[in-house]
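A closer look at the structure
Okay, here's what each chain looks like letter by letter:
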Amino acid sequence: MRRSIKITCYAACFILSFLLEGCIGLYTGRTTFIDAGGAIANIGQKQARLRPDGQTEKKGRVISQFRYRIWKKEDSYILQLPVCYVPARYPVLVHLAGSDAWRKKTLEGQYPGSYTDAELRCYPVEYFYAELTEKQYKMMWRVDRRIKQNYSGVFRDVRILPAAEVDLSHAVLLSDGYGEQHPMRRIWRNSENLPSPRRTWYNRCLMPLSWAAEVVDIPLSLIVTPIGWIADAIYEPLNN
């Protein structure tokens, strides 16, 4: 009887702690995630990424450039996408330092970080092609000053096909030149038809273990989130 009461108390404390941390995390925007499942999923998996062709400097900033080769075929526009396959890099640790983190120096970030454009250019390029309607083609070039402009509804259904599935016969080449990254990335970030990951046989064997680790990630994240709060409380006053 006493044992069951203890178990019930422990379970209640765990649930209350989970709810309390969740409420604080939602209110402050400060939380830390552990993704052991993602770390396992990285093994033997390659993912497609846009591969910049070069870079230029503008107002003291280095900006990635892409080669824009665009054809028109009947009512569609066909955009060539330079792509490379890189080893999957799901972050094992993600720390969020609040909604106003961009205003100051914080510990916000993830480990390992995303690939830099310089790293992506080290991998061989493969060409895929995006089929755009006239509306999507015009929206691709649109200059919008709003930082949080959402293009997901416009480019969600854009088909991205490998070169073997694209017929450019009777297509008219409209442009072939270099430009900034924003137009091409709009399509890549919002399309729901990105090239599939490439998995080895052992990656597929590890998938059940990766799914099981996602469950373990919940208590691990509960443990490290208060540690992240303490780290923020020490770091931010000393560096701002």
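Residues numbered from 1 in each chain as written. Predicted model: local features only at pLDDT ≥ 70, side-chain atom pairs only at ≥ 80, totals over all residues. Heavy atoms only, no water.

1. Examining the overall build of the chain
A count of helices and strands for the chain gives seven helices and 11 strands. The burial tally for the chain puts 35% of its 240 residues in the buried class. The long-range fraction of contacts in the chain, counting pairs at least 24 apart against all pairs at least 6 apart in sequence, stands at 83%. In the structure as shown, the chain presents an accessible area of about 15500 Å², 60% of it carried by carbon and sulfur atoms. (Helix = DSSP H or I, 4+ residues; strand = E, 2+ residues; numbered from the N terminus. Buried < 20%, exposed > 50% of the residue type's maximum accessible area, 1.4 Å probe, protein only. Contact = heavy atoms within 4.5 Å. Areas by Shrake-Rupley, 256 points an atom, 1.4 Å probe, with all protein chains shown as cover.)

2. Comments concerning the confidence of the model for the chain
Summarising the model, the chain shows a mean pLDDT of 84, and 82% of its residues fall at 70 or more. Per-residue pLDDT, averaged within each element of the chain, yields its smallest value for helix α1 (residues 2-28) (65) and its largest for strand β2 (residues 45-50) (95). (pLDDT = per-residue confidence, 0-100.)

3. What to know about the sheet that holds strand β1 (residues 30-34)
Taking strand neighbours across the sheet as the criterion, the three strands line up as β1-β6-β7 in an open arrangement whose pairing is antiparallel. Of all strands in the sheet, those with a lone pairing partner are β1 and β7 (109-111), marking the two edges. Between one strand and the next, the sheet's axes are offset by a mean angle of 5°, whatever the strand orientation. In the sheet, β1 pairs with strand β6 (residues 93-97) via five bridges, with the strands oriented antiparallel. (Pairing = 2+ DSSP bridges. Axes fitted to C-alpha atoms, helices over the stretch in contact; angles between N-to-C directions.)

4. Here we look at the packing of aromatic side chains
Summed over the entire model, instances satisfying the criterion amount to six aromatic pairs. Relative to tyrosine 137, the ring of tyrosine 77 lies with its centre 4.1 Å away and its plane at 0°, an arrangement referred to as stacked. You can see tyrosine 77 sitting in strand β5 (residues 76-87) and its partner tyrosine 137 sitting in helix α4 (residues 134-141), a full 60 residues away along the chain. We note that tyrosine 77, like tyrosine 137, is buried. Both rings, one in tyrosine 115 and one in tyrosine 123, keep their centres 6.3 Å apart while their planes meet at 90°; by these two values the pair is edge-to-face. A residue is classified by how much of its surface remains accessible, and tyrosine 115, at 16% relative accessible area, is buried. (Phe/Tyr/Trp six-rings, centres within 6.5 Å; stacked < 30°, edge-to-face > 60°.)

5. Re unusual backbone geometry
Note that the residue after tyrosine 111, namely proline 112, is joined by a cis bond; omega there is -10°. Along the chain, the position of proline 112 falls in the loop between β7 and α3 (117-120). With a phi angle near 70°, histidine 170 is a residue other than glycine that sits in the positive phi range. Taking the relative accessible area as the measure of exposure, histidine 170 reaches 77% and is therefore exposed.

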